[in-house]
Structure formats: structure tokens, C-alpha cells
Amino acid sequence: MTRPTPNTWLHLDATQLAHEHRSGARSVVDTIAACCARSQRLQPRWNAFLALDCERALARAHTLEHAATRGRLHGVPIAVKANLAVEGLESSCASRLLVGWRAPYTATAVARLEAEGAVVIGTTNMDEYAMGSSGESSAFGPTRNPWDEARAPGGSSSGSAAAVAGHLVPLALGTDTGGSVRQPAAWCGLAGFKPTWGRISRYGLVAYASSLDCVAPLARSMRDLDLALDIMAGPDARDATCSPTALHESVPFKDLQGLVLGVPHEWRAALTDGPSRAAFEACVEAARAAGARIVELSLPLTRHAVSCYYLLATVEAASNLARFDGLRYGVRAAAHSSSLAASIAASRTQGFGAEVKRRIVLGTYALSAGHAEAWHTHAAKVRTLVCREFDEAWSACDALLGPTTPFPAIRLGERSNDPLSLYACDALTTPVSLAGLPAAALRTPLVEHEGGQLPTGAQVVTPHGADRLALRIAEVLETQLGTQALLSPAAEVQA
Amino acid sequence: MTDSHSVRIPDLRNAAHLARLDLAEEEAVVLCGEVARILEHFAALQAVPVAGVEPCYTAVGTRGLPPAPDLREDNAQASLPRAALLGLAPQTQPDDEFYRVPKAIGGAP
């Protein structure tokens, strides 16, 4: 499962790396310089970053090297999805309309990581405005999966996932609206965490679907996700939707004794190939071996989750993306300056990519007069029913366990001309998003797939507010499965 | 799917117009066709009975963690520097105090 590599420090997770920096065992400047150099050299290979700012990162590393106060992420290099604002860095959302846009302030989630000593080395590639499941809708070319460069890393947090899987950084921020962190985690062999909706401030996040968007970390260990959550969670006067409810304190579990895990029949049945089924069943057995009681249950609305999610998300997106008009920021279409209306339409038409236009038209239609009741309102009512299904599940179990994706990483281009088949990648993540629940994405065993070895993943879903319970269970499962030290072949790639 | 839920291409083209997308004829045909196919697939959702069910539009307070209990005090706070924001604009007035935009009144619709 694990592979030896001469770059031993590249194996370290953020927690250990910060410890070594704090103790003086390792130089912050050396780490940041090495990460920047590796990221620059491997950029042509994986296209993980949209903007790398090594000068800025090294200047900060020199400051931290001699700092009297040493935080929990002291000197840890991180990468940030390009829909989160990092002051001075280009945060284009992978859109032609925002190319060159440098954020004038920093998102709260990023600022809190920086306050603990994290060093942002760059902003990462993504599906344009977080609309995609493969990373292919980026206006700046797709990101490649470090496990198999012919395959997609998943999306929309494609670059953040590739940066962690490629051992460019140990920790990265993505966002999860309908699965955009959990799905790339599964396809890139990573740990990912979607918090309860409202747990982490979204100030400084470019909104896609506001009732679903969550800032979410990707890492190579569950303890790093827990640390990042602990640092980022908490009320923010700049985001009224951010809850003041405190995280539950907890220590890592030794086992799962006394816990009941529900396995939804519909989630298990969604797995389309034998090896993926076997990997998930190994995870269920691991839960049992760790002392959990497994119960089977049913979430019948799973089959409608993708439709429900896409109707609601696109309506919200059509509204949120109305702000992009090429007037106050972004790129204005030069040829159409005869009138305000013509300029706005030309800027949007030239600036948005095909998938973004598709979703904006879909959302505008679903909310337009004469159609809103049949599409948008109906979907919102189905969302209520989806939430009720989860509420009922909590009377039978402490947490749900299911696969994260129906299949392993797809080949680049395999589904890019078929939107519906791409949306199907989100079949198992969207129900959780609709209900606003926390979910920890963990690594299950590698599978043989189309002639190669690929990662698979499972998700532990818990009730609202029980974020840490999901992480603790996922940590035990990875330990039981032996996937906690899973390293991608990229760990051996010399920069 | 009932007739009232059927997807008409002219309605989709109108939606594109409402969304301020200025699609060329060929692009409109392709895009609206794709959206129509997606909606026809999503129409299976209509079979889910929802009589008497309240819609869920947000997680605030009902689905998820309780929101911040109070609005913050209505006090003046420092904003980002004007120059930093105007510096991001495609066009500003020469004195850099205002955004410069195309004619809003009397131009082409």
C-alpha cells in the first residue's frame, strides 16, 4: 500500500511538518522553497495551480522562521482553490471573465489558517466557478490526476486535490457544494471533509449555490482535517450564515465500540463495478471489525438527488453569477461598448465557458415565470423530503457509511461532451449536500481498474453539528483498512 | 411529465436573454438543446409526491447549525481603500474616482 520514496519530508502531514518547524528540526524557508520549486517544476505536468506566488510565500517564510509566536500550522505550505480570496493573489475561479483579478482582501477561512502560520503558495485550478465534477470546465485547461495523468482528478476542487495528491502541499482548501471536495478526495486517494453547512465562514468565497456552498479542506491525514476544521470553524461577523455553535471536543477513538453505522441500500447499489464494490465492502468489514454494529437502511430519494441538486444549485448560480457584468471588475468585452446592456451581455457571453452558460440558462429557466412552481419550488419540496429521510436515519444509527463515488476516476474527455453523465458522478455526494450534513471522505483500498490501480473512497456522514464524530469514525476506518498512509505514485516523482 | 412541464426551446432562448447571454444562432441551438435534454431527464423528479410539503430553500435555522443570533451593531467600519477597488475595474475615469461604464440611457437596448 505504501511506497518508499527518497523525499521523506514530502510524506509528512501538516501536523507533523508544523511540529518540526516549531521545534526547529526543519527550516520553514527550506520547506517553502522546496515546495515552491517542486510546484513550479511539476506545473506543466498536472496543471494544479492557476497562480503560484513563490516570492510572496518565501518572504512570509523568512518572517515565520524568526517569529516568536509559532502557530499550529507554523510554516506549512498550503494551496487555496481559486474561488477563495487571498489578498494579492489571482483568484479567477478558472474563468476568462476574471482572468487577472487579484483579490483585495483575504477570505476568513484562509486568514485563520494564515494566523496559525500556514503559508499560501498559490491558488489552484478548478472547474469554472466550481461548476463541474472533473476539473475539465476550467478555462485554463484541465488538471491531471497524479495517480494516472490520463484521468481526471475529480472536481470541482481539481487543482487542490492534485496539489495534495502530488505532494506539492500537505493541505489545501477546496469548496464542497455538491461533492466538490469529497469526490476529488476519492479519485485522488485523499482525505477530505465537508463540514456542516454554516460551520466555516464563507466570507471571501465566490458564491456558486449559497444554500449549499461549504469551504472544505483536503489532506493526507484525518488529523490534518480535524486541525484545519478546528482552526477555521467559528462565528464570523462578516458571514451571518456562519454559526456560533462550538465544535464538540473529542479525542481520537481507539475503536468503534458502541456505535451503530447505517449503510444505505441505495448507496451500496450505486457502485457500478466489482472492484469498487469489493473496496467498499472491505470498509464495511473494517467498521465491523472495529466494533461498530452495522445496520442496513434505505434512503429511496437518493435516486432523485442529482436532479434536485442541479435544479436548486443552478437557480442559485444564475442569481449569484448575475454580478459578473464586466463593469466594476473582471474582463469587459471591448467590441461592445455602445450601450450598457450590450456590454454586459457581450462580457458574459465571451467570459463564461460552456458549462457555466448551460447552468445559468437552466437555472434562469427553472426560476422564470410560469416554470418556477414546476421546477424550482418542486425541487425545494423534494429537498425537504430528502432532509426528512436523513432525520429518520438518525433514529436508527449514529452515522451513515457509503461509497463517495459510483466509480473510480474517469479518463479526461470521457464524459466532457455529455453533461448528464458528468452530473451522475455526484449521485452519492449530492444527497448529503442537500441536507447540509457533515461528511468525512476516507480512503478505501486501491482497485484494479482498466489496467491500472486507482484509489477509491467512502464517506462517513453524521447529523448536523457532529462534524468531529465523522472525522473520528473515518480515522478509525482508515487505520483498520491500512489506508491512512496511502501514497500516490507522485510521491516518487522527483521535481 | 405533464404538458405544463414540457420544455420549449423558445422559452430556453428567452431564459438565455434574461440571463444576459448574447448567444449566436448556432450556439443557442446547441445550448438550448442540451438544457432541454437535461430538463427532460430531471422531469422524473415531478413524480415525487410533495402535497403539503414545505419547500426548503436554506439551511439557516432549519437545516444545519443555528445561525448567528443577532445582527451586528450598525456602526461605521473601515472599508477597503477606494483605489484598491477602482484598480480592479476595467475602466475608470481619468481622475480614478469613478467607474467608467458604457452609456446606460439612450444606447442600444
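Right, let's walk through the structure included here.

What counts, and where the lines are drawn
- For every chain, the first residue of the written sequence is number 1, and numbering continues from 1 along that sequence.
- Going through the entries in the order they are written, you letter the chains from A and number the ligands from 1.
- The predicted origin of the model limits local features to residues at a pLDDT of at least 70 and limits the giving and counting of side-chain atom pairs to 80 or more, whereas totals for whole chains, interfaces and linings rest on all residues.
- The basis for the side-chain values is all heavy atoms of the structure; hydrogens and waters are excluded.
- Here a helix means four or more residues in a row that DSSP labels H or I, a strand means two or more in a row labelled E, and each is numbered from the N terminus.
- What makes two residues a contact is simply this: any of their non-hydrogen atoms within 4.5 Å.
- All accessible-area figures derive from a Shrake-Rupley calculation using a 1.4 Å probe, and residue coverage is judged against the displayed protein chains alone.
- Radius of gyration here is computed from C-alpha atoms only, and the compact-globule reference equals 2.2 Å multiplied by the residue count raised to the power 0.38.
- Only protein chains enter the calculation, and the probe is 1.4 Å; a residue is then buried if its accessible area is under 20% of its type maximum, exposed if over 50%, and partly exposed in between.
- Working convention for charge: Lys and Arg count positive, Asp and Glu count negative, and His plus the chain ends are omitted.
- A charge is said to be at NZ when it belongs to Lys, at CZ for Arg, at CG for Asp and at CD for Glu.
- Interaxial angle, 0 to 180 degrees, is taken between N-to-C directions of lines fitted to C-alpha atoms, where a helix line uses only the stretch in contact.
- In these notes the angle categories are as follows: under 35 degrees is roughly parallel, over 145 is roughly antiparallel, 65 to 115 is roughly perpendicular, and the rest is oblique.
- When the near helix sits turned anticlockwise from the far one by under a right angle, the crossing is termed left-handed; a clockwise turn instead gives a right-handed crossing.
- For this classification, Asp, Glu, Lys and Arg are treated as charged, while Ala, Val, Leu, Ile, Met, Phe, Trp, Tyr, Cys and Pro are nonpolar and the rest, including Gly, are polar.
- The aromatic pairing rule takes the rings of Phe, Tyr and Trp, using the six-membered ring of Trp, and pairs them if the centres are within 6.5 Å, calling planes under 30 degrees apart stacked, those over 60 edge-to-face and the rest tilted.
- Only lysine NZ and arginine CZ atoms are considered, and such an atom sits over a ring when it is within 6 Å of the ring centre and within 35 degrees of the ring normal.
- Here the quantity called buried area is the accessible surface, traced with a 1.4 Å probe, that two parts lose on coming together, added over both.
- One speaks of a salt bridge when a side-chain nitrogen belonging to Lys or Arg is within 4 Å of a carboxyl oxygen belonging to Asp or Glu.
- DSSP bridges decide pairing: two strands pair if at least two such bridges lie between them.
- In protein, a polar contact means a hydrogen-donor-capable atom and an acceptor-capable atom, both N or O and within 3.5 Å, with residues adjacent in sequence counting only if both atoms are side-chain atoms; elsewhere, any N or O pair within 3.5 Å suffices.

1. A word on the overall build of chain B
- When its secondary structure is counted, chain B shows three helices and zero strands.
- When the helices and strands of chain B are read in sequence order from the N terminus, they spell out α-α-α.
- Within chain B, contacts between residues separated by at least 24 positions form 25% of all contacts whose residues are at least 6 apart in sequence.
- Looking at chain B as shown, the accessible area adds up to about 7,300 Å², and 53% of this sits on carbon and sulfur atoms.

2. Quick look at the overall build of chain A
- Scanning chain A from N- to C-terminus turns up 16 helices and eleven strands.
- Computed over C-alpha atoms, the radius of gyration of chain A comes to 21 Å, within 12% of the 23 Å expected from 2.2 N^0.38 for 495 residues, which places it in the range of a compact globule.
- Seen through its principal axes, chain A has C-alpha atoms that stretch 65 × 55 × 50 Å.
- Within the span of chain A, comprising 495 residues, buried residues form 69% of the whole.
- Taking contacts inside chain A between residues at least 6 apart in sequence as the whole, the part at least 24 apart equals 78%.
- Accessible surface computed for chain A: about 14,800 Å², of which carbon and sulfur atoms make up 52%.
- Positive and negative side-chain charges in chain A, numbering 44 and 46 respectively, have mean positions lying 3 Å apart.

3. Considering the packing of helix α1 (residues 9-18) of chain B against helix α2 (residues 25-42) of chain B
All names here are of chain B.
- The interhelical angle for the contact between α1 and α2, taken along N-to-C directions, is 115 degrees, at an axis separation of 9 Å. Taken together, the axes of α1 and α2 lie roughly perpendicular to each other. Between α1 and α2 lies a crossing whose hand is right-handed. Facing α1, whose interface residues are I9, L12 and R13, α2 presents E25, A28, V29, C32, G33, V35, A36 and L39.
- For the contact of α1 with α2, a count of residues per class yields eight nonpolar, one polar and two charged.

4. Notes on the packing of aromatic side chains
All names here are of chain A.
- Under the defined criterion, the tally for this structure stands at ten aromatic pairs over all chains.
- An angle of 45 degrees between the planes, with centres 5.0 Å apart, marks the rings of Y129 and F324 as tilted. With Y129 in the loop between β3 (119-124) and α5 (158-165) and F324 in the loop between α10 (305-320) and α11 (340-351), this residue pair connects regions lying 195 residues apart in the sequence. Each member of the pair, Y129 as well as F324, carries the same accessibility label: buried.
- With a centroid separation of 4.9 Å and 90 degrees between ring planes, the pair formed by Y309 and Y310 is classed as edge-to-face.
- Owing to a relative accessible area of 1%, Y310 belongs among the buried residues under this scheme.
- Cluster of aromatic residues (ring-pair linked, three or more members): Y129, F324, Y329 and F352.
- Over the aromatic face of W9 sits the side chain of R26, whose NZ or CZ is 4.5 Å from the ring centroid.

5. Focus: α5 of chain A
Residue and element names in this part refer to chain A.
- Burial of α5 is extensive: eight of the eight residues sit out of reach of the surface.
- Buried residues of α5: S158, G159, S160, A161, A162, A163, V164 and A165, and no others.
- Contact partners of the buried residues in α5: β1 (49-52), β2 (77-81), β3, β4 (171-175), α6 (182-188) and β6 (215-219).
- Just downstream of α5, H167 is the residue with a positive phi angle, here 55 degrees.

6. Here's the deal with the interface of chain A and chain B
- The interface is formed by 71 residues belonging to chain A together with 61 residues belonging to chain B.
- Carbon and sulfur atoms make up 71% of the surface buried where chain A meets chain B, a total of about 5,600 Å² over both sides.
- When residues of chain A are sorted by the area they lose upon contact with chain B, V361, Y365 and W375 of chain A head the list and together hold 12% of the total.
- Summed over the shared surface of chain A and chain B, the result is two salt bridges.
- Residue R358 of chain A pairs with E34 of chain B through a salt bridge whose shortest N-O separation is 2.8 Å.
- Ranked by the residues each element gives to the side of chain A that touches chain B, the list is headed by helix α13 (residues 373-393) of chain A, at 15 residues.
- Here the residues of the side of chain A that touches chain B sort into 36 nonpolar, 23 polar and twelve charged.

7. Some points on the pairing of strand β9 (residues 399-403) of chain A
Residue and element names in this part refer to chain A.
- Counting buried positions along β9 gives five out of five residues, so the element sits mostly inside the fold.
- Relative to β9, strand β7 (residues 260-264) is paired through two bridges, and the arrangement is parallel. When the bridges of β9 are listed, L261 appears paired with A399.
- Of the strand pairs in this sheet, β9 and strand β11 (residues 452-461) are connected by four bridges, and their pairing is antiparallel. Paired with G402 across the strands is Q459, a residue of β11.

8. Here's the deal with the sheet that holds β3 of chain A
Residue and element names in this part refer to chain A.
- Strand order across the open sheet formed by eleven strands is β1-β3-β2-β4-β6-β5-β10-β11-β9-β7-β8, with mixed pairing between neighbours. Whereas interior strands pair on both sides, the edge strands pair on one side only; in this sheet they are β1 and β8 (293-297). Neighbour-to-neighbour, the strand axes of the sheet open up by a mean angle of 30 degrees, direction not taken into account.

9. Looking at the packing of helix α12 (residues 354-366) of chain A against α1 of chain B
- Where α12 of chain A meets α1 of chain B, the axes come as close as 8 Å, and the angle between the chain directions of the two elements is 105 degrees. Judged by the angle between their axes, α12 of chain A and α1 of chain B are roughly perpendicular. For the pair α12 of chain A and α1 of chain B, the contacting residues are V361, T364 and Y365 of chain A in the first and D11, L12, A15, A16 and L18 of chain B in the second.

10. As for the side chain of N145 of chain A
Residue and element names in this part refer to chain A.
- Here N145 is to be found in the loop between β3 and α5.
- Engagement of the side chain of N145 in a polar contact is seen with the backbone nitrogen of W147, the distance being 2.9 Å.
- For N145, the side chain forms a polar contact with the main-chain oxygen of W187, separated by 2.9 Å.

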